[in-house]
Amino acid sequence: MSDAGATDHTTKVDRIREVAMTVREPKNAGEIADYAGVARNTAEKYLTQLVEVDKLTTVQRGRETCYYPDPVTQYFDQIRDLVNDHEKDELTAELIAIRDDIDEWKDRYDVESADDLRTTVGDDIPASERQQRRHDADDWEYYEHQTTLIKQAIQLYDTIEATRDTRLTSVN
């Protein structure tokens, strides 16, 4: 295989992976192939490989197999990224900042949860205020998800670092 052929092959695989790993809802091989600009059989081959390594999962829709990112793998990838990209003190500081924002929304809107805040958009308030409340509720929900990930990253931080150190020691 020539260098150009290898590059083209790698580019196809990368495009398939990029499309498959970013879909918001399950897509069949034909849809992923169309988005990636490759043949359906090429997409099927590499989608199957991504399923085998737990990057994707599948669901049957009629006779079609549909693919989407494996949520468990994504969850652990996000935790690993947090540990790799941040010191434990930075993660702790981010938790404090998130909690401060949530406490501010609780006080400002006199609510206890993002869903409580969402219910207030039906109140007799200006449209701009409704939009702001909806935006704040979305941010609150996102922050709660991030809080869970950050807490897990902090709890696993030392274990992940020790595992990394053990691997480095065993290689040397």
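Residues numbered from 1 in each chain as written. Predicted model: local features only at pLDDT ≥ 70, side-chain atom pairs only at ≥ 80, totals over all residues. Heavy atoms only, no water.

1. Let's talk about the overall build of the protein
Right, so step 1: Along the protein, the regular secondary structure elements total 7 helices and 3 strands.
Right, so step 2: Order of helices (α) and strands (β) in the protein, N terminus to C terminus: α-β-α-α-β-β-α-α-α-α.
Right, so step 3: Its C-alpha radius of gyration of 22 Å places the protein more than 25% over the 16 Å reference for a compact globule of 172 residues.
Right, so step 4: Along the first, second and third principal axes, the C-alpha set of the protein runs to 65 × 50 × 30 Å.
Right, so step 5: Counting only residues that meet the buried cut, the protein has 28% of its 172 residues in that class.
Right, so step 6: Across the protein, every contact between residues at least 6 apart in sequence was considered, and the portion connecting residues at least 24 apart equals 55%.
Right, so step 7: With an accessible surface of roughly 11,400 Å², the protein has 46% of that area assigned to carbon and sulfur atoms. (Helix = DSSP H or I, 4+ residues; strand = E, 2+ residues; numbered from the N terminus. Rg over C-alpha atoms; globule rule 2.2 N^0.38 Å. Buried < 20%, exposed > 50% of the residue type's maximum accessible area, 1.4 Å probe, protein only. Contact = heavy atoms within 4.5 Å. Areas by Shrake-Rupley, 256 points an atom, 1.4 Å probe, with all protein chains shown as cover.)

2. Remarks on the sheet that holds strand 1 (residues 27-28)
Right, so step 1: Pairing is antiparallel in the open sheet, where 3 strands are placed in the order 1-3-2. Sheet topology places strand 1 and strand 2 (56-61) at the edges, where each strand pairs with a single neighbour.
Right, so step 2: Here strand 1 pairs with strand 3 (residues 64-69) via 2 bridges, running antiparallel. If you follow K27 over to strand 3, its bridge partner there is Y67. (Pairing = 2+ DSSP bridges.)

3. Some details on the confidence of the model for the protein
Right, so step 1: Per-residue confidence for the protein averages 91 on the pLDDT scale, and 91% of its residues sit at or above 70.
Right, so step 2: Across the protein, helix 5 (residues 88-109) holds the top mean pLDDT of 98, while helix 1 (residues 3-22) sits lowest at 78. (pLDDT = per-residue confidence, 0-100.)

4. Some details on the packing of helix 2 (residues 29-36) against helix 3 (residues 40-52)
Right, so step 1: Axis separation between helix 2 and helix 3 bottoms out at 8 Å; the angle between their running directions is 110 degrees. When the interaxial angle is binned, helix 2 and helix 3 end up roughly perpendicular. For the pair helix 2 and helix 3, contact is made by A29, G30, I32 and A33 and by R40, A43, E44 and L47, respectively.
Right, so step 2: Here the contact of helix 2 with helix 3 is built from residues that sort into 5 nonpolar, 1 polar and 2 charged. (Axes fitted to C-alpha atoms, helices over the stretch in contact; angles between N-to-C directions. Parallel < 35°, antiparallel > 145°, perpendicular 65-115°, else oblique. Nonpolar A, V, L, I, M, F, W, Y, C, P; charged D, E, K, R; others polar.)

5. A word on the packing of aromatic side chains
Right, so step 1: Across all of its chains, the model carries 4 aromatic pairs by this definition.
Right, so step 2: Consider the rings of Y142 and Y143, whose centres lie 6.2 Å apart with planes at 50 degrees: the pair is tilted.
Right, so step 3: Y142 gets classed as partly exposed once you look at its relative accessible area, which sits at 47%.
Right, so step 4: Through pairs of rings, three or more aromatic residues link up here, namely W105, W140, Y142 and Y143. (Phe/Tyr/Trp six-rings, centres within 6.5 Å; stacked < 30°, edge-to-face > 60°.)

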